[in-house]
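# Examination of the molecular architecture
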Amino acid sequence: MTTIRLKFRSSSVEGRPGTLYYQICRRQSYKRINTRMHIYPFQWDPASCTLRHDKDRLGILSEYQKNIDRDLLLLKDIVDKMNSTGKDYTPGDVISRFMSKGHELSAVMFMKHEIQALTCAMKLGSARNHRKTLNSFSAFLHNHDILLSDLDWKLISEYEYWLYRRNVARNTVSFYMRILRSVYNKAVKEGLIVQKNPFKDAYTGIEHTRKRAVDEDVMLRLISMDLSCSEALTLARDLFIFSYCARGMAFVDIVFLHKSDITGNILRYVRKKTGQQMCIRIEPCLRCIIDRYSAITADSPYVFPVIKSTDTTEAYRQYQTALGYHNRKLKRISRMLGLDTPLSSYVSRHTWATTARNRNTPIAVISSGMGHTSEHTTQIYLAAISDSVIDQFNHHILDPLNRAVENM
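The model shown is predicted, which means the values in this text are computed figures rather than measured ones. Residue numbers restart at each chain and count upward from 1, following the sequence in its written direction. Note on the predicted model: pLDDT of at least 70 is required for a residue's local features to be given, and 80 or more for side-chain atom pairs to be given and counted; whole-chain, interface and lining totals, by contrast, use all residues. Only hydrogens and water are set aside; all other atoms, that is, all heavy atoms of the structure, feed into the side-chain values.

### Points about the nonpolar core
For the purposes of this section, nonpolar cores are sets of buried Ala, Val, Leu, Ile, Met, Phe, Trp, Tyr and Cys residues that join through side-chain atoms within 4.5 Å. Each residue's exposure class comes from its accessible area (1.4 Å probe, protein chains only) as a fraction of the maximum for that residue type: buried when under 20%, exposed when over 50%, partly exposed otherwise. Leu222, Phe242, Met249, Phe304, Ile333, Leu343 and Leu401 are the most contacted members of the largest nonpolar core, which totals 60 residues. Of the residues forming this core, the biggest block, nine residues, is contributed by helix H8 (residues 231-245). When sequence neighbours within four positions are dropped, the list of residues in contact with Leu343 reads Val214, Leu222, Phe240, Asn327, Leu330, Lys331, Ile333 and Ser334. Grouped together as the second largest cluster of nonpolar side chains are 55 residues, Met37, Met109, Ala127 and Ile179 included. The helix and strand labels rest on DSSP assignments: H or I over at least four residues marks a helix, E over at least two residues marks a strand, and numbering proceeds from the N terminus. For this analysis, residues touch if any pair of their heavy atoms sits within 4.5 Å.

### With respect to the confidence of the model for the protein chain
This prediction gives the protein chain a mean pLDDT of 86; 92% of its residues lie at or above 70. Per-residue confidence from the predictor is reported as pLDDT, a score between 0 and 100. Here residues 375-385 is a poorly scored stretch, pLDDT under 50, and it has 12 contacts once near neighbours within four places are set aside; other chains count.

### Details of the packing of helix H4 (residues 124-140) against helix H11 (residues 312-337)
Where H4 meets H11, the axes come as close as 11 Å, and the angle between the chain directions of the two elements is 65 degrees. On the basis of the axis angle, H4 is roughly perpendicular to H11. Taken together, the residues of H11 that come into contact with H4 (itself represented by Leu124, Gly125 and Arg128) are Thr312, Thr313, Tyr316 and Gln320. The residue classification treats Ala, Val, Leu, Ile, Met, Phe, Trp, Tyr, Cys and Pro as nonpolar and Asp, Glu, Lys and Arg as charged. All others, Gly included, are polar. Its residues placed into classes, the contact of H4 with H11 shows two nonpolar, four polar and one charged. Only the stretch in contact is used when fitting a helix axis, every axis being a line fitted to C-alpha atoms; angles between N-to-C directions are given from 0 to 180 degrees. Here is the rule for angles: anything less than 35 degrees is roughly parallel, anything more than 145 is roughly antiparallel, 65 through 115 is roughly perpendicular, and the remaining ranges are oblique.

### Describing the side chain of Gln23
Structurally, Gln23 can be placed in strand S2 (residues 18-26). Not counting the four nearest positions on each side in its chain, Gln23 is found in contact with Thr3, Ile4, Arg5, Lys7, Tyr30 and Lys31.

### Some points on empty space enclosed by the protein
Only protein atoms enter the 1 Å grid used here. Points where a 1.4 Å probe fits but cannot escape make up a cavity, open sets with protein on both sides within 12 Å along at least five of seven lines make up a pocket, and a residue lines them when an atom lies within 4 Å of a point. Grid points are joined across faces, edges and corners, and a volume is the space filled by probe spheres set on the points. Under the counting rule described, the total for this entry stands at three cavities of 30 Å³ or more. Empty space within the largest cavity amounts to approximately 40 Å³. If you trace the largest cavity, you find it lined by Ala107, Met111, Phe137, Leu148, Leu151, Leu180, Val183 and Tyr184. For the lining of the largest cavity, the secondary structure elements donating two or more residues are helix H3 (107-120) and helix H6 (170-189). Here the lining of the largest cavity takes three residues from H6, the largest share from any one element. Grouping the constituent residues of the lining of the largest cavity by class yields eight nonpolar, no polar and no charged. Considered as a void within the structure, the second largest cavity measures approximately 40 Å³ in volume.

### Quick look at the pattern of salt bridges
As a working rule, side chains carrying opposite charge can pair if their charged atoms are close by. We define a salt bridge as a contact between a side-chain nitrogen of Lys or Arg and a carboxyl oxygen of Asp or Glu at a distance within 4 Å. In this structure the tally under the stated criterion is 12 salt bridges. When the shortest N-O distance is used, the salt bridge between Arg26 and Asp88 registers 3.3 Å. Placement of the pair is Arg26 in strand S2 and Asp88 in the loop between helix H1 (58-85) and helix H2 (91-99), with a sequence separation of 62 residues. Asp88 sits in the exposed class, given a relative accessible area of 55%. Several salt bridges converge on common partners, so that one network encompasses Arg26, Arg27 and Asp88.

### Quick notes on the environment of Asp299
Considering the arrangement of structural elements, one finds Asp299 in the loop between helix H10 (284-292) and H11. Residue class for Asp299 comes out exposed when judged on its relative accessible area of 81%. When the C-alpha positions of Asp299 and Gly371 are compared, they lie 31 Å apart, and in sequence the two are 72 residues distant.

### As for the sheet that holds strand S7 (residues 266-270)
At least two bridges found by DSSP between two strands are what make those strands a pair. With respect to topology, three strands assemble into an open sheet ordered S6-S7-S8, the strand pairing being antiparallel. Whereas interior strands pair on both sides, the edge strands pair on one side only; in this sheet they are strand S6 (262-263) and strand S8 (277-281). As paired elements, S7 and S8 share five bridges and run antiparallel to each other. Among the inter-strand pairings, Ile266 is bridged to a residue of S8, identified as Arg281.

### Considerations on H2
Looking only at H2, the buried set comprises Pro91, Val94, Ile95 and Phe98. Down the axis, H2 shows its buried residues gathered within 95 degrees of arc, on one side only. Directions pointing from the helix axis toward each C-beta atom define the arc.

### Some details on the sheet that holds S2
In spatial order, the strands read S1-S2-S3; together these three strands make up an open sheet with antiparallel pairing. Sheet topology places strand S1 (2-9) and strand S3 (29-39) at the edges, where each strand pairs with a single neighbour. Each strand of the sheet is rotated relative to its neighbour by a mean of 20 degrees, with strand direction disregarded. Inspection of the sheet shows S1 paired to S2 by eight bridges, in the antiparallel sense. Looking at the pairing, Arg5 lines up with Gln23 of S2. Packed on one face of the sheet, H2 meets S2 and S3 and runs near 40 degrees to S3.

### Notes on the packing of aromatic side chains
Stacked, edge-to-face and tilted are the three classes for Phe, Tyr and Trp ring pairs, Trp counted by its six-membered ring, which pair at centre distances within 6.5 Å; planes under 30 degrees apart are stacked, over 60 edge-to-face, the rest tilted. Applying the stated rule across the entire model yields 15 aromatic pairs. Considering the side-chain rings of Phe137 and Tyr159, the 5.1 Å spacing of their centres and the 75 degrees angle between planes classify their relative orientation as edge-to-face. Placement of the pair is Phe137 in helix H4 and Tyr159 in helix H5 (residues 153-165), with a sequence separation of 22 residues. Under the relative-accessibility criterion, Phe137 is labelled buried at 1%.

What follows is the structure, given as structure tokens:
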């Protein structure tokens, strides 16, 4: 068995920084790789063999951590490849390969590293998307691995053609390509490979799909439906309306809402997808739904009775299960209403945007209200729009629902 560890050697001169190095051990044989990274003893945690990030040198220590993560990943990749040959080797062989410019990190290994990093950062949705892409790309490679430098224009074109031959939807192809491109560009940024623009001709756009919004009268029909026969249908309906009333709030953000996110008539939360902070005035139609579940969730930190666990990983698993269940219940409600456009967790978001546009709401206000951050120049322009302006437009949009709630 071969072990790789990050170590710290103090300076022989008191008050001077020491040196970080990697220790390679195999069959009682030890070898060392010195680095050019120097830290003080108080910046090293000997118990966990990790850096202690202090605010005074946070910038340089963050850079060191990136280098360490990359080096350890490269060393692990070398060891895995040597183990796979079945031939014996020494720590010196590992170091020789590491120091050789001819060694490069494999594409699959680097993607697995990214998935692990996203998981550790609790970005579980992004980790899942990367894992889906890796599974598809690995199937195309027949479960073989390739070097990062082999990700060229020809290979990406072959992968794209492979996807289309299997009748993969155009937007799904774009999804895989965008994930791969982001991983590739990160490897370029970290200096692992040279930029060759392999995705320059790949399709990475978003093709318009069938209509996802419903008319305003559907929202009024929904709010007046008698669903007392089913608590599950009632909850699905209420969460759909809540999303619409909260400027198209995503389902994941709704089910993870904490009671502490509400102060008076203001709801503040951070979008799971973008990390953007959102602030919404609680209109009567929103307050009605929140109050409806206050007794049910009396012993829970969450606003709605969907997520039961406070453990992050388990809570995310519960969210994924709840999303599928939620959409199935919405489809049943759609059939009950005889709708041509089936309801889903996305439809409420699209409906709010469409309704806002039909009410002559400026596009900039709609984008800001929904927390869009995809276009940099637009985001700079939207930064000047205050929450009070967005709430004013939302109040106008929700006026019919507010009147319906008051008359119930």
